[in-house]
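# Structural features, examined
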Amino acid sequence: MNQVNKMPKKKDTRFINEEGRALMLGNEAVVRGCLEAGVSYVAQYPGTPTSDIGETFHQILREQPELNDYIVHHWAINEAVASSECAGAAWTGCKVLNPMKHVGLNVASDPLSVIALNGPNPGGMVILVGSDPGSLGSHQEQNERFYTWMFHFPCFEPHTPQECKDYTKLAFELSERFDTVFEIRTSTRSAHSRGFVELGAIQKGKKKGHFKRNIPKYNSLPPHAINNHIRLYERIEKIREIIPDLNVNRSIPGTNKIGIITSGMPFGYTMEALNQLNLTNVPVLKLGIIYPLNYQEITNFLKNLEKVVIIEELEPFLEVKVAEIAQKHDLNVEIIGEKYFQKHDEYSTGLVATGLAKVFDKAPPKEIKTAVDYFESQKDIIPSRFPTFCAGCPERATLYSILKATNHLENTVVCGDIGCFVMSFFPPQECSDLIICMSGGLSAAIGMSTKTDQKVVAFIGDSTFLHTGMSPLAEAANYDSNVLLFIFENSWTAMTGHQPVLGLTERKLSIEKICEAIGVNWLRVEDSYNPKHLTSTIEKALETKGLKVIIIRRECALQAHRWRMNQIRKLEQEGKKVQEVVYQISGCQMCHECSRILSCPAIRRTEEEGYETMKIDQDRCVKCGVCYEICPNGAIHKTTFDALEEKVPFREM
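In this text, all values refer to a predicted model and were calculated from it rather than measured experimentally.

## Side note on the environment of V39
- Looking at where V39 falls in the secondary structure, it is placed in the loop between α2 (26-37) and β2 (41-44).
- The exposure class of V39 is buried, given its relative accessible area of 3%.
- Distance in space between the C-alpha atoms of V39 and Q573 is 43 Å, their sequence separation being 534 residues.
- Excluding residues within four positions of it along the chain, V39 makes contact with C34, Y70, I71, K95, V96, L97, F172 and G205.

## So, the side chain of T464
- Its place among the elements puts T464 in helix α18 (residues 462-479).
- In this structure T464 touches Y45, D417, I418, M438, S439 and G469, once residues within four positions along its chain are discounted.

## Comments concerning the nonpolar core
- Grouped together as the largest cluster of nonpolar side chains are 52 residues, with contacts concentrated most on F459, F486, I538 and I550.
- Among the elements that make up this core, the one with the highest residue count is helix α16 (residues 394-405) (6 residues).
- Residues contacting I550, with those up to four places away along its chain left out, are L484, L485, F486, I487, W522, R524, E526, L534, T537, I538 and A541.
- Within the second largest apolar cluster, 39 residues are counted, among which are L67, F172, V197 and L246.

## Describing helix α5 (residues 104-118)
- The end-to-end C-alpha separation of α5 is 21 Å, in line with the 21 Å expected for 15 residues at 1.5 Å each.
- Of all bends in α5, the biggest is about 55°, found at D110, and the proline P111 comes one to four residues later.
- Along α5, the residues classified as buried are G104, L105, A108, S109, P111, L112, I115, A116, L117 and N118.
- In the segment just after α5, G119 is the residue with positive phi, at about 85°.

## Points about the packing of helix α11 (residues 264-276) against helix α14 (residues 349-359)
- Contact geometry of α11 with α14 gives a least axis separation of 8 Å together with a crossing angle of 60°. Comparing their axes, α14 and α11 come out oblique. Here α11 and α14 pass one another in a crossing that is right-handed. In this structure, α11 contributes Y269, T270, E272, A273, L274 and Q276 to the contact, and α14 contributes T349, V352, A353 and L356.
- Of the residues that constitute the contact of α11 with α14, the class distribution is 6 nonpolar, 3 polar and 1 charged.

## Some thoughts on the sheet that holds strand β14 (residues 334-336)
- Taken in spatial order, the 5 strands line up as β9-β11-β10-β13-β14 in an open sheet, and their pairing is mixed. For this open sheet the edge positions go to β9 (250-252) and β14, each flanked by a neighbour on one side alone. Pairs of neighbouring strands in the sheet enclose a mean axial angle of 20°, with direction left out of account.
- Summarising the sheet, β9 and strand β11 (residues 284-287) pair through 3 bridges and their orientation is antiparallel. Bridging across to β11, R250 finds its partner in K286.
- Seen against the sheet, α11 touches β9, β10 (258-263), β11 and β13 (307-311) and runs at an angle of roughly 145° to β10.
- Seen against the sheet, α14 touches β10, β13 and β14 and runs at an angle of roughly 165° to β13.

## A closer look at unusual backbone geometry
- In this chain, P222 is followed by P223 through a cis amide linkage whose omega measures 5°.
- With respect to the element layout, P223 can be found in the loop between α9 (215-218) and α10 (224-246).
- Of note, the bond from Y291 into P292 is cis; its omega dihedral lies within 30 degrees of zero at -10°.
- Tracing the backbone through its elements, the reader meets P292 in the loop between β12 (289-291) and α12 (295-302).
- A positive phi angle, close to 70°, is found at S439, a residue other than glycine.
- Considering the arrangement of structural elements, one finds S439 in the loop between β15 (412-415) and α17 (440-450).

## A few points about the side chain of S138
- Its place among the elements puts S138 in the loop between β5 (124-131) and α6 (146-151).
- Of note is the side chain of S138, whose polar atom sits 3.0 Å from the side chain of K101.
- At 2.6 Å, the side chain of S138 and the side chain of D132 are in polar contact.
- In this structure, S138 is in contact with T48, K101, H102 and D132, ignoring residues within four places of it in sequence.

## Overview of helix α3 (residues 51-63)
- Taking 1.5 Å as the rise per residue, α3 with 13 residues should run 18 Å; its terminal C-alpha atoms sit 19 Å apart, in good agreement.
- Among the residues making up α3, those that are buried are S51, I53, G54, T56, F57, Q59, I60, L61 and E63.
- Where α3 is buried, its residues meet α2, β2, β3 (72-75), β4 (95-101), β5 and β19 (499-500).

## Digging into the environment of A517
- Take A517: it is sitting in helix α19 (residues 511-518).
- Assessed through its relative accessible area of 69%, A517 is described here as exposed.
- The spatial distance from the C-alpha of A517 to the C-alpha of F267 is 53 Å, given a sequence separation of 250 residues.

## Side note on the pattern of salt bridges
- Per the counting criterion, the structure on display carries 26 salt bridges.
- Between D12 and R14 there is a salt bridge, with its nearest N and O atoms 2.7 Å apart. Exposure class is identical for D12 and R14. Each is buried.
- Note that K343 is salt-bridged to E338, the shortest N-O span being 3.1 Å.
- The exposure class assigned to K343 is partly exposed, which follows from its relative accessible area of 40%.
- You can call E338 partly exposed: its relative accessible area is 37%.
- Put simply, R32, E36, K165 and K169 are held in one network by salt bridges that share partners.

About the cut-offs
- Residues numbered from 1 in each chain as written.
- Predicted model: local features only at pLDDT ≥ 70, side-chain atom pairs only at ≥ 80, totals over all residues.
- Heavy atoms only, no water.
- Helix = DSSP H or I, 4+ residues; strand = E, 2+ residues; numbered from the N terminus.
- Buried < 20%, exposed > 50% of the residue type's maximum accessible area, 1.4 Å probe, protein only.
- Contact = heavy atoms within 4.5 Å.
- Core = buried A, V, L, I, M, F, W, Y, C linked by side-chain atoms within 4.5 Å.
- Expected span 1.5 Å × (residues − 1).
- Bend = angle between axes of the 7 residues up to and from the residue.
- Axes fitted to C-alpha atoms, helices over the stretch in contact; angles between N-to-C directions.
- Parallel < 35°, antiparallel > 145°, perpendicular 65-115°, else oblique.
- Left-handed = near helix turned anticlockwise from the far one by under 90°.
- Nonpolar A, V, L, I, M, F, W, Y, C, P; charged D, E, K, R; others polar.
- Pairing = 2+ DSSP bridges.
- Polar contact = N/O pair within 3.5 Å; in protein donor to acceptor, adjacent residues only side chain to side chain.
- Salt bridge = Lys/Arg side-chain N within 4 Å of Asp/Glu carboxyl O.

Here is the structure:
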């Protein structure tokens, strides 16, 4: 085993080879496209489904350290900062990638609205937006495609990993050529679907660029703003004209008088649905670029049809644009979409087939009913579970103390926020009354506290605090708002894959000092693994008028447990003995303090010798000891083995 652990990790040749094929996720294919395009700067704030783009860049830079001379990847403090960073690098002549999730585009929209006017030349700039129909990893499923029209971002929407790579390269080429910010729009499915990708030559990006002054271009203020706006319209029309030459749109011929226009992942569902319905003669226009649309391509497809079905996830973006083109060119064709296809949630082959069956007046295929019946039959077999916190999570322990201090939220409102603690609104805690957006909890709490006599509590994570949380905290401090704010300082952006929290993971920033500098007078730093002390502190805070801030300083349990186990393995490999702590339950009174209020997933109900009791699963327990501290009946016991040997506690933050 020791020999295996010492074996060097092999480099990922998918990002080294310059010929052949490689199996890649859509996000990995985007990164490969960046390498082949000669990208030299990437900045992003982590957010599903785009986080692993940054993770992949970091992996490449670790495995090929010589590339650090050519490629920079920054985990930015927020999306607006990332976009402006990228623009600055592009204006020195570099190619830059700016990934974000769909709601991140809201944050980045302020700088991007101006950057789009200015244009990225002399470099090239591509934003990658990961959409999330179905809210698989987000707090809403906003249809961000309307930004492409508002800001004039020509937008490619890939379906396969190969298209992810190809469209990325093409977007950079066109961005430089037309001085225009381009967008690649993926979805959770296309970002994380896997497929083979043909590899090409890798280009080294610029080590250094040079900024050349051009005040009319880079200062979008009157009168230059108007001129840049006019220039942007001119660029969009030039791009519109060349779309047929790009070969990104594909027309599948057919003799049926009803045709289909679609793009991205819905294209795959559409083709499978047509196959299930045995509709082999339906013409299909698969769009690789969804904005702008080439008028000639669209009218050529529409002119011989009686109806055109637009199959797209979420609001009717393409439907509106295609209908507009049909009307302008006086085409007598019915454009239908939302009439048969829902405007919410992600699509599936079954959903598309059901909609198309209605359009073509066919009975839904038996395969769909069989699949639905099979799915429904599994509901009674597979238990339904709410998402929950990991065993040992310091946020779970904090929620326990909040529930105890407020008599289960009696006369208390909890303004939640974005982070792992969004799960606090699920049973059994039900400890979050509202969620808006990053730092929206504290902002809402400021307004709420002025208009209610209820106790107002707000949550914010450390990454969110740095992202956009300092501004509302400054306001709360200025007005001395009657709010109790919990800042969860766990040192990792845990919900999106444990990216570092800029400045905190490296111990370069102090949230405590930032709060003091902002003007927070009532400030405490607490450890949720000491629940009785934390409960007492919360009680005192709620008795105090004005702004109160409690920083919960305890590392994410997953990362802390991984680090601790690595330390233990190292010591054992050196032949040293390590102290071990085990928590066990005996004499349980079944009060459910540990299972329903703390609700640790490492604790379960079982039966022993005919009696019901609670039991700790040792393979899930991370030895945080919170259950031991809170058990009111002393039924949880702590046993220390090899007490005189080396002790490996959780690392201090």
